[in-house]
Amino acid sequence: MRSILKRLNDVVGVKGSLVVTRDGIVIAAHLSRSLQEDVVAAMAATVIQSTRRNLEKHGMRHFARITLVASHGKMVFADAGPAFLVVVMDRNVELGPVGIEVESAAMRIRNQGTISV
Amino acid sequence: MSIADKLRRWRDLARLKARVRSEPSPSAWGEYAERLIAFGEIDEALAAAEEGMRSFPDSERLAQVKLFAKKRSLTGQLRKLREDAQRRPSPVVFTQLAAIYRELGSQDEALEAAQQCADRYPLNEGPHLVTGEIRLERWLRDMIAKDGILAEEALRRVTRLNGHNVRAHMLLAELYWAAGDVSACRRHLRSVLSITPAAKEVQEFVRSLGSAETEENDEIRDFGDRARAIEESGGFPRQASDFPSCDASGRTGGARGRLDVESLRADVLALGGGEGVRNIAVLDRDGDILADHTDGTGPTRRQFCELVTATASVADDASRRMDTGALVRAEVESPSGNVTVVRVRGLTIGVLYSAPLRGERVWELVQDLVARNSQAPASAEAARA
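Residues numbered from 1 in each chain as written. Chains lettered and ligands numbered in written order. Predicted model: local features only at pLDDT ≥ 70, side-chain atom pairs only at ≥ 80, totals over all residues. Heavy atoms only, no water.

**Points about the environment of Leu189(B)**
Residues and elements named next belong to chain B. Note the cut-off: Each helix is a run of H or I in the DSSP string that is no shorter than four residues. Each strand is a run of E no shorter than two, and both are numbered from the N terminus. Any residue under 20% of the maximum accessible area for its type is buried, any over 50% is exposed, and the rest in between are partly exposed; the area is computed with a 1.4 Å probe on protein chains only. Whether two residues are in contact is decided by their heavy atoms: any pair within 4.5 Å suffices.
Relative to the elements of secondary structure, Leu-189 occurs in helix α10 (residues 182-195). For Leu-189, a relative accessible area of 0% gives the class buried. Spatially, the C-alpha atom of Leu-189 lies 15 Å from that of Val-158, the residues being 31 residues apart in sequence. With residues near it in sequence (within four places) discarded, Leu-189 still touches Met-170, Ala-173, Val-202, Phe-205, Val-206, Leu-209 and Phe-243.

This is the structure:
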C-alpha cells in the first residue's frame, strides 16, 4: 500500500497521503516533513465521521469523495472500500488531473481487499 | 498574421477588457487573462490576472493564469537557486528561494525554505522575516489566531537579532494595529522613527495615534488572547488598510462591498432554475438565510441550511487544524447528489446539484453570483458619479 501512496506523492503538488480507517487508525502513510501523521489522521477521522453523520441525518447516501479547498492548501478524502485515502496538496494544484490520480490510487487500495487492523 | 486577423484579435480583446470593467467577475477576468495568454501576451496576462485577483483572491482560474505566466519567467531562476541551496548554501540563497516560492504562490514551500535556513543559520534574521511576512499576510486574510501568533513570534525574533530592522518594526506595528493594541503599535513605530526619522508618513500616523483617546480591547494584554478573540469574532478591531505600510496586494481579502440582497435573491432564483441545480442556500455570517431555492426533490429548506452550516463548520475546522488557512470551498460527492459549500466575502453558500453540472462550474457560478451582487466601494462611488 505504501508503494501506491509513494507513487501518488510523486505527482507535482502532492504533499502527502495516508490511508486511514473511519475511526482515525492509520493503515499506511507517506507524508512530507511538514505534516504530522497523528494530526492528519485525527482531522481526517473528524471530517469523515461528521460528514457521514450530516448526510445520513438529511436522508442522503454516503459520500464517495470530499474535496476541501482552503486559502493555502487542498485536501481530498476518497472512499477506498474499507478505509479512506486522504491526500494533502498545495493550493496551486489543479484538481482535475490530480483527481484522476487520486481516484486511481483509491481504486487500487480498494482492490487490495480486506484491511485488517 | 493578416491585418484582418489582427483587427479581429484587437476587437476580441477590447470586448473582453470592456467586460471586466463593466461587469467584473472571476469568469470575466479569467476569460480575458486566458485570451491574452492564447495571443502570447504573457506580461499583460499576468498583469490582468493580478488585477483580477485583487478583487477575487480565491479565483482558481486567475491563480492558474498567474502561476503559468510567472512560471515561465521564474523557472530558470528557481532551478539555479535549488542547485545553489544544495551545493553552496547561504542565507541569501535560501531567502531568495523563499521569495521565488512566494512569487509562485507556494507559501508552504517558502516557509519550508525559511525554516531550513533558520535551522542552519540561527543567528540570521532573514528567514524569520520571511516567516513573519507570510504569517502576517495569512493572518490579515484569514484571521486564524495561529498565523497571528506565529507572525508575532517570528517578527519579534527579527527585532531581537537586529533591533534596527525597520521592516520588522513596521510589520509588528501593523500587526498590533490590526489587533487593536495601539500602545504596542506606537512603540514599534517610534522604533522605526528612531532609525529613519525622516519617514513622513510614519510621523503623521504616530501623531494621529497620539491623539487617540481610548484603546480598543485595552483589557486584553496578551497578543495571543487578542488573536483568538479576533478569530472568534471574525473581524479586526482596526482595519490594516488604514495602516501606512499596507500595500494594495489585496491581502486584506479584496474589496468588500455592500451586498444587494434583493438582487441576490433574484439571481439565486435564476440560478436555481438551471439544469442540475436542486437546492441553493445563501447564509450570512450569523447563519441567517439571505436567499434560498429548492426544486422540491431534495432536502427541505431547513434541512439543507443545516447541512450547509454543518459541512462548512467541519471543513473550516479541518482546514485550520491542518494549517492550510480558512475554508474557501468544500465539495461532497455522493450518489444522492453533490454538495458544494463556498465561503466567500463573509457569506456561506451551499448548492446541491447533480449532472450535467460539475463542481468547477458551480464554483465559478457562485463567485460570479457574489461579484454581481456586491458593489465594491469604488464602483459604488463611480456609479453615483
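**Some remarks on unusual backbone geometry**
Residue and element names in this part refer to chain B. Cis geometry is adopted by the peptide bond preceding Pro-356, which originates at Ala-355 and carries an omega value of 10°. By the element assignment, Pro-356 lies in the loop between β6 (347-353) and α15 (359-373). We note that Met-143 has phi near 60°; this positive angle belongs to a residue other than glycine. In this fold, Met-143 is placed in the loop between α7 (126-142) and α8 (145-161).

**Describing the domain arrangement of chain B**
All names here are of chain B. What counts, and what does not: Where each domain begins and ends follows an automated or database-derived domain assignment. A quick way to say it: buried area is the sum, across both parts, of accessible area lost when two parts are put together, with a 1.4 Å probe. Salt bridge, as applied in this entry: a Lys or Arg side-chain nitrogen positioned within 4 Å of an Asp or Glu carboxyl oxygen. Whenever a nitrogen or oxygen atom comes within 3.5 Å of another N or O atom, the pair is scored as a polar contact, on the condition that within protein one atom can donate a hydrogen and the other can accept it, and that pairs from neighbouring residues in sequence are kept only if both atoms are in side chains. Residues are grouped as follows: Ala, Val, Leu, Ile, Met, Phe, Trp, Tyr, Cys and Pro are nonpolar; Asp, Glu, Lys and Arg are charged; every other residue, Gly included, is polar.
Partitioning chain B into structural domains gives domain 1 (3-69) and domain 2 (261-378). Taking the mean C-alpha position of each, domain 1 and domain 2 sit 26 Å from one another. Tallying the contact residues gives 10 residues for domain 1 and nine residues for domain 2. On the domain 1 side of the contact with domain 2, Pro-26, Asp-58 and Glu-60 bury the most area, a combined 53% of that side's loss. Linking domain 1 with domain 2 are one salt bridge, by the criterion used here. Among the salt bridges present, the one from Arg-61 reaches Glu-364, with a minimum N-O distance of 3.0 Å. Across the domain 1-domain 2 interface, the total number found is three residue pairs in polar contact (both at pLDDT 80 or more). Of the residues belonging to the side of domain 1 that touches domain 2, the class tally is three nonpolar, four polar and three charged.

**Regarding empty space enclosed by the protein**
Where empty space is left can be seen by rolling a probe of water-molecule size over the atoms. Applied cut-off: In this analysis a 1.4 Å probe is tested at points of a 1 Å grid over the protein atoms alone, and where it fits but cannot get out there is a cavity; an open set with protein on both sides within 12 Å along at least five of seven lines is a pocket; lining residues have an atom within 4 Å of a point. Grid points are joined across faces, edges and corners, and a volume is the space filled by probe spheres set on the points.
This structure, assessed with the given rule, holds two cavities of 30 Å³ or more. Its boundaries defined by the atoms lining it, the largest cavity holds a volume of some 40 Å³. Elements with a minimum of two residues in the lining of the largest cavity: α2 (37-57) and β3 (65-70) of chain A together with α14 (301-321) and β4 (327-334) of chain B. Here the lining of the largest cavity takes three residues from α14(B), the largest share from any one element.

**Describing the pairing of β6(B)**
All names here are of chain B. Formally: Here a strand pair is declared whenever DSSP counts at least two bridges between the two strands.
Burial within β6 is extensive, with seven of its seven residues counted as buried. Here β6 shows two buried faces, one formed by Leu-347, Ile-349, Val-351 and Tyr-353 and the other by Thr-348, Gly-350 and Leu-352. Where strand β2 (residues 277-283) meets β6, six bridges bridge the pair, whose relative direction is antiparallel. Residue Val-277 lies in a different strand from β6, and its bridge partner there is Tyr-353. Of the pairings in the sheet, the one linking strand β5 (residues 337-344) to β6 comprises seven bridges and is antiparallel in character. Pairing of Thr-340 across the sheet is with Val-351, part of β6. A loop of two residues connects β5 with β6, the two strands running antiparallel in sequence, and Arg-345 in this loop sits at a positive phi of about 45°.

**Quick look at the interface of chain B and chain A**
Contacts between the two partners involve 43 residues from chain B and, on the opposite side, 39 residues from chain A. For the chain B face of the interface with chain A, the top three residues by lost area are Met322(B), Thr324(B) and Glu333(B), together amounting to 18%. Here chain B and chain A share three salt bridges between them. Between Lys15(A) and Asp108(B) there is a salt bridge, with the nearest N and O atoms lying 2.5 Å from each other. At the surface where chain B touches chain A, the tally comes to 16 residue pairs in polar contact (both at pLDDT 80 or more).

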